[in-house]
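Coordinates in review
Spelled out from the first residue to the last, the chains are:
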Amino acid sequence: MTVLGIESTAHTLSIGISKQGRILSNVIDMYSGGSEGLIPRKLADHHSNVFSSVLLEALTGAKLSMNDIDLIAFSQGPGIGAPLSVGVSAAKYLALVYGKKIIGVNHPYAHVKIGEHCCKMRDPLVLYLSGGNTQILEQMANGHYIVLGETLDIGIGNLFDTFARAIKMENAHGSALAKLAENGNYIPLPYTVKGMNLVFSGLLTSAEKAAKKHSHLDVACSLMENAFAMTCEVTERALFLTKKKSLLVCGGVAQNRRLQEMLKIMCKEDNVKFGVAPDEYNRDNGAMIAYAGELLYKKYGAMKIEKCDPITNYRIDRMKEILR
Ligand code: MG
């Protein structure tokens, strides 16, 4: 089976192609808003503008034409309404015009499955960290996921991006903030965990205040250090609770090397196997949607086109109800 996967939940329009679980191409075009953040209308315009060239490049890269595609998989949510709709509409259009089967894919589920595939892991505890999401996930015997712990306010990536904008960074993004943090020294900032849940907004407010008195390097360092330490603490609690012997970290923020280092140390101490996919698959990407689309198709079959609507608040623990 050859699957074309479309990703458009936030800043990235990406199309990837997989065949029998092998990735043939993965073309990624990310909108960079600079210092103004993610403005939904601008993201949607970006995705519309680059869609046809990204599609062509993905097909050419895989040495295929639309005739060779069996299934169109699209990222169904969670995501920002305007950009998400561009990918969903395009997926429906391609399925109708070329007479292809279609399936909607939960975006976090795709990050988890491509991560397990890359790390050759079966049934790990999953730490999913991105701009809008921060969750600890456990797979049940029926294949569905439950959320053991999560952020009670903003996502960890959103925390970093918002702080980067507050200190007027030109490229207000977590990856740029991480570079700044490398040269900072630690100053005390709030640390808030509630069982296996996290709270980031107090840390953000205190960091914004601290940035008026202290060097931005030091505040960036301390903000990230605390957010990651809090994340490690709740993850370790979930590891002990579930008695899992492996941990997979996935999602955009999983690319952060300092976080990876902290999780590796923790896993070594707890005698747990640690896994993280290459950066290409932790960024938002179409290949993971294609890969996960094939897994879901084998289990549930194709979706009726009338069911293929964007679901902006599509939590991973709602998959059972959506795919039924
Ligand atoms: Mg993502």
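Residues numbered from 1 in each chain as written. Predicted model: local features only at pLDDT ≥ 70, side-chain atom pairs only at ≥ 80, totals over all residues. Heavy atoms only, no water.

This next bit is on the pattern of salt bridges. The tally for this structure, following the rule as stated, stands at 12 salt bridges. Across the pair Lys244 and Asp123 runs a salt bridge, and its minimum N-O distance is 3.2 Å. Residue Lys244 is found in the loop between α7 (216-242) and β11 (246-250), and its partner Asp123 is found in the loop between α3 (107-119) and β6 (125-129); the two are separated by 121 residues along the sequence. In this structure, Glu150 and Arg315 form a salt bridge, with 3.0 Å as the shortest nitrogen-oxygen distance. Taken together, the residues span a long stretch of sequence, with Glu150 in strand β8 (residues 145-150) and Arg315 in the loop between α10 (286-300) and α11 (319-323) at a distance of 165 residues. One network of salt bridges, in which partners are shared, links Glu150, Arg315 and Asp317. (Salt bridge = Lys/Arg side-chain N within 4 Å of Asp/Glu carboxyl O. Helix = DSSP H or I, 4+ residues; strand = E, 2+ residues; numbered from the N terminus.)

With that settled, consider the sheet that holds strand β7 (residues 134-139). Taken in spatial order, the 5 strands make up an open sheet running β8-β7-β6-β11-β12, and their pairing is mixed. In the strand order of this sheet, the two ends are held by β8 and β12 (273-276), each with one partner. Along the sheet, successive strands turn relative to each other by an average axial angle of 25°, direction set aside. The pairing of β11 with β12 spans 4 bridges and is classified as parallel. Looking across to β12, one finds that Val249 is bridged to Val276. The sheet contacts of α7 involve β6, β7, β8 and β11, and relative to β6 the element is tilted by about 160°. (Pairing = 2+ DSSP bridges. Axes fitted to C-alpha atoms, helices over the stretch in contact; angles between N-to-C directions. Contact = heavy atoms within 4.5 Å.)

Contact pair helix α1 (residues 40-61) / helix α2 (residues 81-98): the axes reach a minimum separation of 7 Å and the direction vectors enclose 30°. Between α1 and α2, the angle falls in the class roughly parallel. Taken as a pair, α1 and α2 cross one another with a handedness that is right-handed. On α2, the residues touching Pro40, Leu43, Ala44, His47, Ser48, Phe51 and Leu55 of α1 are Ala82, Pro83, Val86, Ala90 and Leu94. (Parallel < 35°, antiparallel > 145°, perpendicular 65-115°, else oblique. Left-handed = near helix turned anticlockwise from the far one by under 90°.)

Moving on: the coordination of the magnesium ion. On the protein side, the magnesium ion has His107 (NE2), His111 (NE2) and Asp284 (OD) as donor atoms, found 2.0 to 2.4 Å from it. Along the chain, the residues donating to the magnesium ion are arranged with the sequence spacing H-x3-H-x172-D. Within this pair, His107 and its partner His111 are both found in helix α3, separated by 4 residues, close to a single helical turn. Judged by its relative accessible area of 4%, His107 is buried. Judged by its relative accessible area of 0%, His111 is buried. (Donors = N, O, S within 2.8 Å, 3.2 Å for Na, K, Ca; no water. Buried < 20%, exposed > 50% of the residue type's maximum accessible area, 1.4 Å probe, protein only.)

Among the 6 residues of strand β5 (residues 101-106), 5 are classified as buried, and the element is accordingly described as predominantly covered. Taking the sense of rotation as the criterion, the β-α-β connection linking strand β4 (residues 71-77), α2 and β5 turns out right-handed. (Right-handed = clockwise from strand over helix to strand, strands pointing away.)

How big an interface is tends to be stated in terms of the accessible area lost upon association of its parts. Taken domain by domain, the chain comprises domain 1 (2-110 + 281-323) and domain 2 (123-278). In this complex, domain 1 contributes 19 residues to the contact, which on the side of domain 2 involves 25 residues. Summing the contributions of domain 1 and of domain 2, the shared interface buries around 1,600 Å²; its carbon and sulfur component is 53%. When the buried area of domain 1 at its contact with domain 2 is split by residue, Asn282, Arg315 and Ile316 rank highest and sum to 36% of it. Here domain 1 and domain 2 share 1 salt bridge between them. Between domain 1 and domain 2 we count 7 residue pairs in polar contact (both at pLDDT 80 or more) in total. Of all elements in the fold, only α3, α9 (279-282), α10 and α11 reach the threshold of two or more residues within the side of domain 1 that touches domain 2. (Domains from an automatic or database assignment. Buried area = accessible area lost by both parts, 1.4 Å probe. Polar contact = N/O pair within 3.5 Å; in protein donor to acceptor, adjacent residues only side chain to side chain.)

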